[in-house]
Structures are given as C-alpha cells and as structure tokens.
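The lines below spell out each chain.
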Amino acid sequence: LSVYPEVAKYTALALSTRLGVDVLYADLEVYWVKDPFMPLSRFGSSDSAVDLDIFVAQEFYSHQVRPGVLLVRATQRSVLVMAGLASWLLRFPFSVERPAIRYLLEPDRPAVVPSVSLLRADQFPERGGPPRLGMLDAENGFVSTDGWHGDMENIICFEIQPMLHYAEKEMMLA
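One structure accompanies this document, and this report is about it. All of these numbers come straight from a predicted model, not from anything done at the bench.

### Considering the environment of P39
Mapped onto the elements of the fold, P39 is located in helix α2 (residues 37-45). Distance from P39 to G141, taken between C-alpha atoms, is 9.2 Å for residues 102 residues apart in sequence.

So, in structure tokens, the structure goes:
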C-alpha cells in the first residue's frame, strides 16, 4: 500500500492554508446528511474559536481524533502541521496516517504516541507552538459507525469507519 493519497491530502491542506483559505476536508467515506457550512460558520465568529487552528471529530469511544473530517483554519500553526505531516509521510512511506495526526494534534495524550521521528517541527516557539485544537460534535453531529447517540435530526455527516467489513458497509448504505 502507498501513503501517497495521504501525502496529497496534507499537501493540499498545507498549500490552501498557506494561501489564506480555511479548508473543510472530508474523506470519501463521509456522507453529508446536511449542509455543514451553517453549523461550522459559528467556528469563525465566536471569540473562543478565533484562536483555534484545527477542528476535528473524535472517535466515539476512545475520544481520539478522527481525521476523516477536518476543518483547517488558515494559520501558521496549521500550515506547519499539515506540511510537516505530508513531508513525514513522504519520507516514511510505510507509516500510518492516524497515529501520526493524532500525535501532531494531541502530543500529550497517553497511548497515542507512535514512532514519529522528525515529526514535531511545530513545537519550536518561533514557529508558533503546537496547534490549538477544537472538537466537532462526534456524539450527535459528525458521527460515525464507531457509535453515536442523540437525535437523527442533528446529524450533519456520517462517516463509515474503515474497520467495517465491506458487506456491512453495503448493508448500511442500502
């Protein structure tokens, strides 16, 4: 298997944010139930969200970041994180995206740190420090097959996790 799709993903995110464009990224396994822009517009206007760089959903049970849906704001820290991850994946082609992005976004969480040589360029004070992370509502808004609870009317997107067997994925979408 190749990491080049992931390299392209994080390179495009780095380039877009460097050009000053906030980006909403969704994997192909994400199905939009509602228009996401109205609920996400509050992240650009609230005082608490102004200082945040990246918004991401979490897995339902483990509460680790789930990189299938990302709202990446155009900040220096976001550019460095996305470009750093793209170059790291290119240098280490047998690496895995999920532990790497989890480590970049949440370096202080236990049991998340993979072997990530040369991955922490954003830690240097002159580069703005680590990214500031905001969470999307994974319990009732940005849900996945990992689990969710709440009202069907509040679901914004539904992500089919890669751990499901192909036949189960087909039954869900039928």
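### A look at the pairing of strand β4 (residues 65-72)
Counting buried positions along β4 yields eight of eight residues, so the element is predominantly enclosed. Here strand β1 (residues 23-26) runs beside β4; their pairing, made up of four bridges, is antiparallel. Within the sheet, the bridge partner assigned to A26 lies in β4 and is V69. Judged from the five bridges that link them, strand β3 (residues 54-58) and β4 form a sheet pairing that is antiparallel. Pairing of F55 across the sheet is with L71, part of β4.

### What to know about a nonpolar patch on the surface
Among the surface-exposed residues, L15, L19 and V21 lie close enough to one another that they form a single nonpolar patch of about 310 Å² accessible area. Within the secondary structure layout, L19 lies in the loop between α1 (4-18) and β1. Overall, the relative accessible area of 65% leaves L19 in the exposed class.

Cut-offs applied
- Residues numbered from 1 in each chain as written.
- Predicted model: local features only at pLDDT ≥ 70, side-chain atom pairs only at ≥ 80, totals over all residues.
- Heavy atoms only, no water.
- Helix = DSSP H or I, 4+ residues; strand = E, 2+ residues; numbered from the N terminus.
- Buried < 20%, exposed > 50% of the residue type's maximum accessible area, 1.4 Å probe, protein only.
- Pairing = 2+ DSSP bridges.
- Patch = residues over 30% accessible without salt bridge, like charges linked within 9 Å, V, L, I, M, F, W, Y side chains within 5 Å.
- Areas by Shrake-Rupley, 256 points an atom, 1.4 Å probe, with all protein chains shown as cover.
- Salt bridge = Lys/Arg side-chain N within 4 Å of Asp/Glu carboxyl O.

Purely geometric stuff here, so don't read any function into it on its own.
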